[in-house]
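Remarks on the overall topology
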Amino acid sequence: MEGKEAIINRIIQDAEKKAEEITDTANGYSSAKKQEAEAWAKEYSQSKTDALRQEAANIVERKKIVARMDAKKAELSEKRDILKAVDLEAVELLSKTDKAKYLAFAEKVLTLYADSGDEVVLSSDGVLTLPDISGLKVFSDKNLSLAKKRGNFKGGIKLSGKICDKDFSFETLVADISGGAAAELSEIIFGNKV
């Protein structure tokens, strides 16, 4: 029986050796996979951290850009408001022109721009009257007429004609002048270009 026991012991030893080899291989494989997983996790974590840092930096930069744009818009809006106030002040000053100069302005406009048969619309400020306008030589020379109602504008005159209407209200004249000279006005008022 000793032979049988020796064979059994040999089989057990071989099995134990084989089990030990399998265990060692499994442990080695497990250890290698664990190291790979830890390395991957570390690399993945680092790449995500880097990506999040970059995204945070991008968000901050975008917010700065938006803030600068909002500040520029607010500054531009303030400058526009100031330029509008300048225009309103100019209209107000023109409206306070003495009657003789006002009438000379109206006569020049009628002489240069009125077409025969045009209707003259006076402003709501009431400075010029029918006798003032109808007393002008150009009024009869160009066969002009006076509108029954005053226009809904302050200062200046308007011409209503068969072909086209012409606006010589102070507001329109000032807007045309300041619109064409916006850059120069901005430089004078603000010290820089718009």
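Everything numeric in this text was worked out from a predicted model, so none of it was measured.

1. Looking at the overall build of the protein
- When helices and strands are tallied, the protein shows 6 helices and 4 strands.
- Taken from N to C terminus, the helices and strands of the protein fall in the order α-α-β-α-α-β-β-β-α-α.
- In summary, the protein has a C-alpha radius of gyration of 46 Å against a globular reference of 16 Å for 194 residues, an excess of more than 25%.
- Principal-axis analysis of the C-alpha atoms gives the protein an extent of 155 × 40 × 25 Å.
- When each of the 194 residues of the protein is scored for burial, the buried share is 20%.
- Considering only contacts in the protein between residues 6 or more positions apart, those separated by 24 or more positions represent 72%.
- Working note: accessible area of the protein is about 14200 Å², and carbon and sulfur atoms make up 57% of it.

2. Re a negative patch on the surface
- A cluster of acidic residues, Glu 16, Glu 20, Glu 21 and Asp 24, forms a negative patch at the surface.
- As for its placement among the helices and strands, Asp 24 is situated in helix H1 (residues 2-95).

3. Focus: the pairing of strand S4 (residues 165-169)
- Summarising the sheet, strand S3 (residues 156-160) and S4 pair through 5 bridges and their orientation is antiparallel. In the strand pairing of S4, Leu 159 is matched with Lys 166.
- In textbook terms, the turn of a hairpin is the stretch between consecutive antiparallel strands, and for S3 and S4 this stretch comprises 4 residues.

4. Details of helix H2 (residues 99-113)
- Between its first and last C-alpha atoms H2 spans 21 Å; for 15 residues at 1.5 Å apiece the expected length is 21 Å, and the two agree.
- Of all the positions in H2, only Tyr 102, Ala 106, Val 109 and Leu 110 are classed as buried. In a view along the axis of H2, the buried residues occupy a sector of 95°, so they form one face of it. The exposed set on the far side of H2, more than 90 degrees from its buried face, consists of Ala 100, Lys 101, Lys 108 and Leu 112.

5. Some thoughts on the sheet that holds S3
- Pairing within the open sheet is mixed, and its 4 strands lie in the order S2-S1-S3-S4. Edge positions in the sheet fall to strand S2 (145-146) and S4, since each of these pairs with one other strand and no more.
- Across 2 bridges, strand S1 (residues 119-122) lies against S2 in parallel orientation. Within S2, the residue paired with Val 120 across the bridge is Leu 146.
- Set on the sheet, H2 makes contact with S1, S3 and S4; between it and S3 the angle comes to about 25°.

Each value, and the rule that gives it
- Residues numbered from 1 in each chain as written.
- Predicted model: local features only at pLDDT ≥ 70, side-chain atom pairs only at ≥ 80, totals over all residues.
- Heavy atoms only, no water.
- Helix = DSSP H or I, 4+ residues; strand = E, 2+ residues; numbered from the N terminus.
- Rg over C-alpha atoms; globule rule 2.2 N^0.38 Å.
- Buried < 20%, exposed > 50% of the residue type's maximum accessible area, 1.4 Å probe, protein only.
- Contact = heavy atoms within 4.5 Å.
- Areas by Shrake-Rupley, 256 points an atom, 1.4 Å probe, with all protein chains shown as cover.
- Patch = residues over 30% accessible without salt bridge, like charges linked within 9 Å, V, L, I, M, F, W, Y side chains within 5 Å.
- Salt bridge = Lys/Arg side-chain N within 4 Å of Asp/Glu carboxyl O.
- Lys, Arg positive; Asp, Glu negative; His and termini not counted.
- Charge placed at Lys NZ, Arg CZ, Asp CG, Glu CD.
- Pairing = 2+ DSSP bridges.
- Expected span 1.5 Å × (residues − 1).
- Arc of directions from axis to C-beta.
- Axes fitted to C-alpha atoms, helices over the stretch in contact; angles between N-to-C directions.

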